[in-house]
Amino acid sequence: QVHLVESGGGLVQPGGSLRLSCAASGSIFSIDDMAWYRQAPGKQRELVALITSGGSINYADSVKGRFTISRDNAKNTVYLQMNSLKPEDTAVYFCYARIAWSYRDPLRTFWGQGTQVTVSS
(Lines give C-alpha, C1' and ligand atoms only; values in the text may rest on other atoms or scores of the structure.)
Protein backbone atom coordinates (compact mmCIF):
# COMPACT_ATOMS: atom_id res chain seq x y z
CA GLN A 1 0.00 0.00 0.00
CA VAL A 2 1.05 3.56 -0.69
CA HIS A 3 0.26 6.66 1.35
CA LEU A 4 0.70 10.34 0.54
CA VAL A 5 0.92 12.54 3.61
CA GLU A 6 0.70 16.30 3.24
CA SER A 7 1.79 18.96 5.69
CA GLY A 8 2.31 22.71 5.82
CA GLY A 9 -1.15 24.16 5.36
CA GLY A 10 -2.62 26.84 7.58
CA LEU A 11 -3.85 30.40 7.89
CA VAL A 12 -1.79 33.20 6.35
CA GLN A 13 -2.37 36.86 5.60
CA PRO A 14 -2.53 38.12 2.02
CA GLY A 15 0.97 38.55 0.64
CA GLY A 16 2.34 35.88 2.93
CA SER A 17 4.00 32.56 2.17
CA LEU A 18 3.49 28.89 2.94
CA ARG A 19 5.36 25.75 2.00
CA LEU A 20 3.48 22.51 1.48
CA SER A 21 5.15 19.11 1.63
CA CYS A 22 3.90 15.71 0.53
CA ALA A 23 5.78 12.52 1.34
CA ALA A 24 5.01 9.20 -0.32
CA SER A 25 5.56 6.06 1.71
CA GLY A 26 4.90 2.35 1.43
CA SER A 27 5.60 -0.09 -1.35
CA ILE A 28 7.20 2.16 -3.99
CA PHE A 29 9.24 1.06 -7.00
CA SER A 30 9.09 4.28 -8.98
CA ILE A 31 7.28 7.62 -9.01
CA ASP A 32 6.38 9.34 -12.25
CA ASP A 33 4.45 12.62 -12.17
CA MET A 34 3.88 14.43 -8.86
CA ALA A 35 1.54 17.36 -8.57
CA TRP A 36 -0.55 19.64 -6.43
CA TYR A 37 -4.25 20.22 -7.02
CA ARG A 38 -6.63 22.44 -5.10
CA GLN A 39 -10.35 22.63 -4.54
CA ALA A 40 -12.15 25.70 -3.26
CA PRO A 41 -15.69 25.49 -1.82
CA GLY A 42 -18.24 25.07 -4.59
CA LYS A 43 -15.59 24.69 -7.27
CA GLN A 44 -14.04 21.80 -9.16
CA ARG A 45 -10.62 20.45 -8.26
CA GLU A 46 -7.97 22.13 -10.41
CA LEU A 47 -4.34 21.50 -11.21
CA VAL A 48 -1.98 23.96 -9.52
CA ALA A 49 1.43 22.61 -10.52
CA LEU A 50 2.92 19.38 -11.86
CA ILE A 51 6.48 18.08 -12.02
CA THR A 52 7.50 15.03 -14.02
CA SER A 53 10.14 12.48 -13.05
CA GLY A 54 12.42 14.22 -15.53
CA GLY A 55 11.91 17.61 -13.93
CA SER A 56 9.55 19.22 -16.45
CA ILE A 57 7.13 21.59 -14.77
CA ASN A 58 3.72 23.05 -15.57
CA TYR A 59 1.83 25.69 -13.60
CA ALA A 60 -1.70 26.98 -13.67
CA ASP A 61 -1.73 30.50 -15.11
CA SER A 62 -3.17 31.82 -11.85
CA VAL A 63 -0.07 30.83 -9.84
CA LYS A 64 2.76 31.43 -12.33
CA GLY A 65 5.47 33.59 -10.84
CA ARG A 66 4.18 33.06 -7.29
CA PHE A 67 4.30 29.30 -6.68
CA THR A 68 7.24 26.93 -7.13
CA ILE A 69 6.97 23.14 -7.26
CA SER A 70 9.97 20.91 -6.58
CA ARG A 71 10.68 17.33 -5.64
CA ASP A 72 13.27 15.33 -3.74
CA ASN A 73 13.38 11.90 -5.36
CA ALA A 74 15.56 10.45 -2.60
CA LYS A 75 12.84 11.31 -0.09
CA ASN A 76 9.85 10.59 -2.39
CA THR A 77 8.64 14.06 -1.53
CA VAL A 78 7.12 16.92 -3.49
CA TYR A 79 6.98 20.51 -2.28
CA LEU A 80 4.96 23.59 -3.16
CA GLN A 81 6.41 26.95 -2.16
CA MET A 82 3.62 29.52 -2.25
CA ASN A 83 4.52 33.20 -2.16
CA SER A 84 2.46 36.38 -2.53
CA LEU A 85 -0.64 34.49 -1.47
CA LYS A 86 -4.03 35.91 -2.33
CA PRO A 87 -7.47 35.27 -0.80
CA GLU A 88 -8.44 33.45 -4.00
CA ASP A 89 -5.72 30.88 -3.25
CA THR A 90 -7.84 29.68 -0.33
CA ALA A 91 -8.64 26.01 -0.89
CA VAL A 92 -7.91 22.47 0.19
CA TYR A 93 -4.65 21.45 -1.49
CA PHE A 94 -4.22 17.82 -2.54
CA CYS A 95 -1.03 15.98 -3.38
CA TYR A 96 -1.08 13.68 -6.43
CA ALA A 97 1.40 11.07 -7.56
CA ARG A 98 1.66 8.33 -10.16
CA ILE A 99 3.40 5.39 -8.51
CA ALA A 100 4.39 1.87 -9.50
CA TRP A 101 4.60 -0.75 -6.75
CA SER A 102 7.11 -2.91 -8.62
CA TYR A 103 8.74 -3.22 -12.05
CA ARG A 104 5.86 -5.50 -13.09
CA ASP A 105 3.07 -3.18 -12.02
CA PRO A 106 1.56 -0.29 -13.96
CA LEU A 107 1.58 3.25 -12.65
CA ARG A 108 -1.35 3.97 -10.35
CA THR A 109 -2.75 7.30 -9.21
CA PHE A 110 -2.65 8.18 -5.53
CA TRP A 111 -4.04 11.20 -3.68
CA GLY A 112 -3.24 12.72 -0.32
CA GLN A 113 -5.92 13.54 2.23
CA GLY A 114 -5.70 17.27 1.59
CA THR A 115 -4.46 20.21 3.62
CA GLN A 116 -6.36 23.46 4.14
CA VAL A 117 -4.80 26.73 3.04
CA THR A 118 -6.65 29.87 4.10
CA VAL A 119 -5.51 33.33 3.00
CA SER A 120 -7.26 36.00 5.00
CA SER A 121 -6.58 39.14 6.97
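The preceding data block contains the structure.
Everything numeric in this text was worked out from a predicted model, so none of it was measured.

**Q** Tell me about the pattern of salt bridges, residues and numbers included.
**A** A complete count under the given rule lists four salt bridges for this structure. One salt bridge in this structure joins K64 and D61, with 3.1 Å as the shortest N-O distance. Take D61: its relative accessible area is 63%, and that puts it in the exposed class. Members of the salt-bridge network, linked through shared partners, are R38, E46, R66 and D89.

**Q** Describe the pairing of strand β9 (residues 91-100), naming the residues involved and giving the relevant values.
**A** With respect to burial, β9 is a largely interior element, eight of its 10 residues being buried. Note: strand β4 (residues 30-39) against β9, eight bridges, orientation antiparallel. Directly across from Y37, in β9, lies its bridge partner F94. Where β9 and strand β11 (residues 115-119) come together, three bridges link them in antiparallel fashion. Each residue of the ladder has a partner; that of V92, found in β11, is Q116. Direction of pairing for β9 relative to strand β10 (residues 108-111): antiparallel, over a ladder of four bridges. In the strand pairing of β10, Y96 is matched with W111.

**Q** So, the sheet that holds strand β8 (residues 77-82): which residues are in play, and what are the values?
**A** Strand order in the open sheet formed by four strands is β1-β3-β8-β7, with antiparallel pairing between adjacent strands. Only two strands of the sheet have a single partner each, and these edge strands are β1 (2-7) and β7 (67-72). Taken pair by pair, the neighbouring strands of this sheet meet at an average axis angle of 15°, ignoring direction. As paired elements, β1 and strand β3 (residues 18-26) share six bridges and run antiparallel to each other. Along β3, the bridge assignment pairs V2 with G26.

**Q** Requested: an account of unusual backbone geometry, with residues and values cited.
**A** Of all residues except glycine, most have a negative phi; of all peptide bonds, most are trans. With phi around 50°, N76 is a residue other than glycine that occupies positive phi space. Mapped onto the secondary structure, N76 falls in the loop between β7 and β8. Accessibility expressed as a relative area gives 23% for N76, which makes it partly exposed. Despite not being glycine, S84 shows a phi value in the positive range, around 50°. Topologically, S84 is positioned in the loop between β8 and β9. Under the relative-accessibility criterion, S84 is labelled partly exposed at 41%.

Definitions and cut-offs
Residues numbered from 1 in each chain as written. Predicted model: local features only at pLDDT ≥ 70, side-chain atom pairs only at ≥ 80, totals over all residues. Heavy atoms only, no water. Salt bridge = Lys/Arg side-chain N within 4 Å of Asp/Glu carboxyl O. Buried < 20%, exposed > 50% of the residue type's maximum accessible area, 1.4 Å probe, protein only. Helix = DSSP H or I, 4+ residues; strand = E, 2+ residues; numbered from the N terminus. Pairing = 2+ DSSP bridges. Axes fitted to C-alpha atoms, helices over the stretch in contact; angles between N-to-C directions.

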